[in-house]
Amino acid sequence: MSAYSAPLKDMRFVLNELAGLAEVAKLPGYEEATPDTVDAILEEASKFASGVLDPINYSGDREGSKWTDGEVRTPKGFREAYKQFCEGGWNALPFEHEWGGQGLPRLVSTPVQEMWKSSNMSFSLCPLLTGGAIEALVLRGSDELKKAYLPKMVEGRWTGTMNLTEPQAGSDLSLVKTRAERSGDHYLISGQKIFITYGEHDLAENIVHLVLARTPEAPEGVKGISLFIVPKFVPEKDGKPGKRNGAKCASIEHKLGIHASPTAVMVYDKAVGYLVGQENHGLETMFIMMNAARFAVGLEGVAISERAFQRALAFAKERVQGRDLVAGGKSVPIIRHPDVRRMLMLMKSQTEAMRALAYCTAASLDFAHKTRDKHHQAFADLMIPVVKGWSTETGIDIASLGVQVHGGMGFVEETGAAQYLRDARITTIYEGTTGIQAMDLVGRKIAREGGATAKAWIAEVRKLEAFPNLQAGIQAVSDCVDFIVAEKNPNIAFAGAVPFLKLMGIVAGGWQMARAALAAEKKVSSPDSSFYAAKIATARFYADHVLVQAPGLRDAVVKGGADVMALSEDQFLAA
Ligand SMILES: Cc1cc2nc3c(=O)[nH]c(=O)nc-3n(C[C@H](O)[C@H](O)[C@H](O)COP(=O)(O)OP(=O)(O)OC[C@H]3O[C@@H](n4cnc5c(N)ncnc54)[C@H](O)[C@@H]3O)c2cc1C
């Protein structure tokens, strides 16, 4: 089985040539992100990913996390890996100095997180959720809560969870029923949450749950939801974990993938909880946090694609089958066959396009964070549902292509190719399904502001004239934006939301590949000429095989809405 090797060359290329690391490093507070420091971080992270996380990915999938009497045991090697992860300071990397973090830009933590996700997606979910909980506390926690929780969570000694989902409240959080009753300086939380990632485990000394719940007098719907922090062990005055709280793990799910990541059913029975922010404003805080979490899940799409590609490439070089169409002779490695090449190129080109879009979005988030620049924030807001929805949907396609390259050996578990497809499958579901991302894109990010941010971006892309199929692609986006802004029937506008999200992803990816080709052309006679020549060829492949799909998607959005709504509910099954 081939080992994971971080794509450092491409990561550096994207950071420096496309995402503007040098500019980000000039922002106040990010001066430490010098090229040497960033290089050293990437090198070290790649060693950790390949040496520690990758070796326990397959075994972790086979063994899975196990539940007994409310306790959860993670697979062999996970505890030791997590200890090393925290000791190495990796958990603290993206967080503010004030709380013990390293204060690095998101643009630097993004490739590092890509490595964790590529090498072991199940493992990476624990720090991902901790990060989400940290962000909520930084944003809205009282000083007292921040002091009590943040340093330990940033260090990774305590982990975090996000408790939104209940059996009757999935995409629709207005239906949340968990109750919170005031009791002195705290609240007592009661109810059931499902699907809670790392809701219980044996990696850390405490687990800090962020829980959405309603106070007795709260209004119905989303305006009556508050956010609470509910620790597994309530901290004592000295800060150490104290009394066991009434937050118990009733079971964990048996799932299609990410077997090592425990997905918990959590039962809260008068558990001590503390309000984060104001009563009835919980969902607002969650939404701010969700942007970061959605971006992080989008990055899972990039990461799993990279891993699936690496494995497929290694297999294609080894597997001998069929003759060379031109040279004939003996059987050859399957990488010589045009159709296998086509599959590998689809995997490689889309992975590189998605990586570039994700890193550029991360850079915009850094600019927005440090300069309060509205344009950067608006661009990131526009692209986050695209990074999430497009990269994860494409990630599944790429993992599936990885299985295809392996032939029958991809369908059996021994090669590991099947695991990536199974693991990838959740990415389009959690943190908001693709349908929900697409509605966010069409409704909040385009229709609500008359398409202003999208139009500014379209004008930017129009400047890159020479790249094949890009202008037709951006025209398709422009037509759809006009259609969405003008369409009065939401059923028709939203019927095309997912095809539109895909179109946005494909064209935004094409825009990045066009920029990549331009940057590579300037360097093609440098010592690393082979990398740059490959980048140019990969960009051209993307234009001819992926970007070319844009006009068809435009038609699905602009003309296809009525078709989607055409059948009555009875007609779906008419014989
Ligand atoms: C492995 C795993 C880990 C998870 N981790 C967490 C976690 O840590 N914390 C947490 O709180 N939750 C977590 N979840 C829950 C996850 O976020 C939800 O599963 C997800 O939000 C979808 O909700 P649902 O499953 O209830 O599906 P539903 O909301 O029932 O959706 C079913 C289908 O209907 C569509 N749909 C629903 N509403 C609309 C609409 N208005 N318009 C158009 N289409 C719609 C959806 O797109 C989907 O295709 C996890 C889930 C899993 C499986």
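Provided above is the structure to which this section pertains.
As the structure is a computational prediction, the values presented were derived from the model and not from experiment. (Residues numbered from 1 in each chain as written. Predicted model: local features only at pLDDT ≥ 70, side-chain atom pairs only at ≥ 80, totals over all residues. Heavy atoms only, no water.)

## A short note on the pairing of strand E12 (residues 320-324)
Here comes step 1: Strand direction decides the pairing type here: E12 and strand E13 (residues 328-333), joined by 3 bridges, are antiparallel. Its bridge partner lying in E13, Arg 323 is registered against Ser 331.
Here comes step 2: Following E12, the chain reverses through 3 residues before pairing antiparallel with E13. (Pairing = 2+ DSSP bridges. Helix = DSSP H or I, 4+ residues; strand = E, 2+ residues; numbered from the N terminus.)

## Re the packing of helix H16 (residues 470-486) against helix H18 (residues 497-523)
Here comes step 1: The geometry of H16 relative to H18 is characterised by a closest axis approach of 10 Å and an angle of 145° between their N-to-C directions. The hand of the H16/H18 crossing is left-handed. The residues of H18 that touch H16, namely those facing Leu 470, Gly 473, Ile 474, Ala 476, Val 477, Cys 480, Val 481 and Ile 484, are Phe 500, Leu 503, Met 504, Val 507, Gly 510, Trp 511 and Ala 514.
Here comes step 2: A class-by-class count of the residues in the contact of H16 with H18 yields 13 nonpolar, 2 polar and no charged. (Axes fitted to C-alpha atoms, helices over the stretch in contact; angles between N-to-C directions. Left-handed = near helix turned anticlockwise from the far one by under 90°. Contact = heavy atoms within 4.5 Å. Nonpolar A, V, L, I, M, F, W, Y, C, P; charged D, E, K, R; others polar.)

## Concerning the state of the cysteines
Here comes step 1: Enumeration according to the criterion identifies 0 disulfides in this entry.
Here comes step 2: No disulfide involves Cys 126; its nearest neighbouring cysteine sulfur is the one of Cys 86, lying 8.1 Å away.
Here comes step 3: Cys 249 carries a free sulfur, and the closest cysteine sulfur to it, the one in Cys 126, is 14 Å from it. (Disulfide = S-S within 2.5 Å.)

## Quick word on the site of the ligand
Here comes step 1: Residues in close proximity to the ligand total 19 residues, the closest being Met 162, Thr 165, Ser 171, Phe 195 and Thr 433.
Here comes step 2: Side-chain polar atom of Thr 197 to a nitrogen atom of the ligand: 2.7 Å apart, as the coordinates give it.
Here comes step 3: At a separation of 2.6 Å, an oxygen atom of the ligand approaches a polar side-chain atom of Thr 433.
Here comes step 4: In the complex, 62% of the free accessible area of the ligand, which totals 970 Å², lies under the protein chains.
Here comes step 5: Counting only elements with at least two residues in the shell around the ligand, the list comes to strand E3 (158-163), strand E5 (186-197) and helix H14 (434-446).
Here comes step 6: By residue number, the principal contributor to the shell around the ligand is E5, which donates 3 residues.
Here comes step 7: Per-class residue counts for the shell around the ligand are 10 nonpolar, 7 polar and 2 charged. (Near = heavy atom within 4 Å. Polar contact = N/O pair within 3.5 Å; in protein donor to acceptor, adjacent residues only side chain to side chain. Areas by Shrake-Rupley, 256 points an atom, 1.4 Å probe, with all protein chains shown as cover.)

## Remarks on helix H1 (residues 8-18)
Here comes step 1: Regarding H1, the residues found buried are Leu 8, Asp 10, Met 11, Phe 13, Val 14, Leu 15 and Leu 18.
Here comes step 2: Buried-residue contacts for H1 involve helix H2 (21-24), helix H3 (35-53), helix H6 (106-119), helix H10 (338-371), H18 and helix H19 (529-545). (Buried < 20%, exposed > 50% of the residue type's maximum accessible area, 1.4 Å probe, protein only.)

## Regarding the side chain of Thr 130
Here comes step 1: Its place among the elements puts Thr 130 in helix H7 (residues 121-140).
Here comes step 2: Beyond its immediate sequence surroundings of up to four residues, Thr 130 is in contact with Asn 91, Met 153, Trp 158, Thr 159 and Gly 160.

## So, unusual backbone geometry
Here comes step 1: In this structure, Asp 69 takes a positive phi of about 45° despite not being glycine.
Here comes step 2: Relative to the elements of secondary structure, Asp 69 occurs in the loop between strand E1 (66-68) and strand E2 (71-73).
Here comes step 3: Positive phi is not limited to glycine here, since Tyr 198 has a value of about 55°.
Here comes step 4: Locating Tyr 198 in the fold gives a position in the loop between E5 and strand E6 (206-213).

## A look at the packing of helix H11 (residues 374-405) against helix H13 (residues 417-424)
A pair of packed helices is captured by two measures, namely the crossing angle of their axes and the spacing between those axes.
Here comes step 1: Contact pair H11 / H13: the axes reach a minimum separation of 8 Å and the direction vectors enclose 160°. The orientation of H11 with respect to H13, classified from their angle, is roughly antiparallel. Remark: the crossing between H11 and H13 carries left-handed chirality. On H13, the residues that touch Gly 395, Ile 396, Ala 399, Ser 400, Gly 402 and Val 403 of H11 are Ala 417, Ala 418, Tyr 420, Leu 421 and Ala 424.
Here comes step 2: Of the residues in the contact of H11 with H13, the class split is 8 nonpolar, 3 polar and no charged. (Parallel < 35°, antiparallel > 145°, perpendicular 65-115°, else oblique.)

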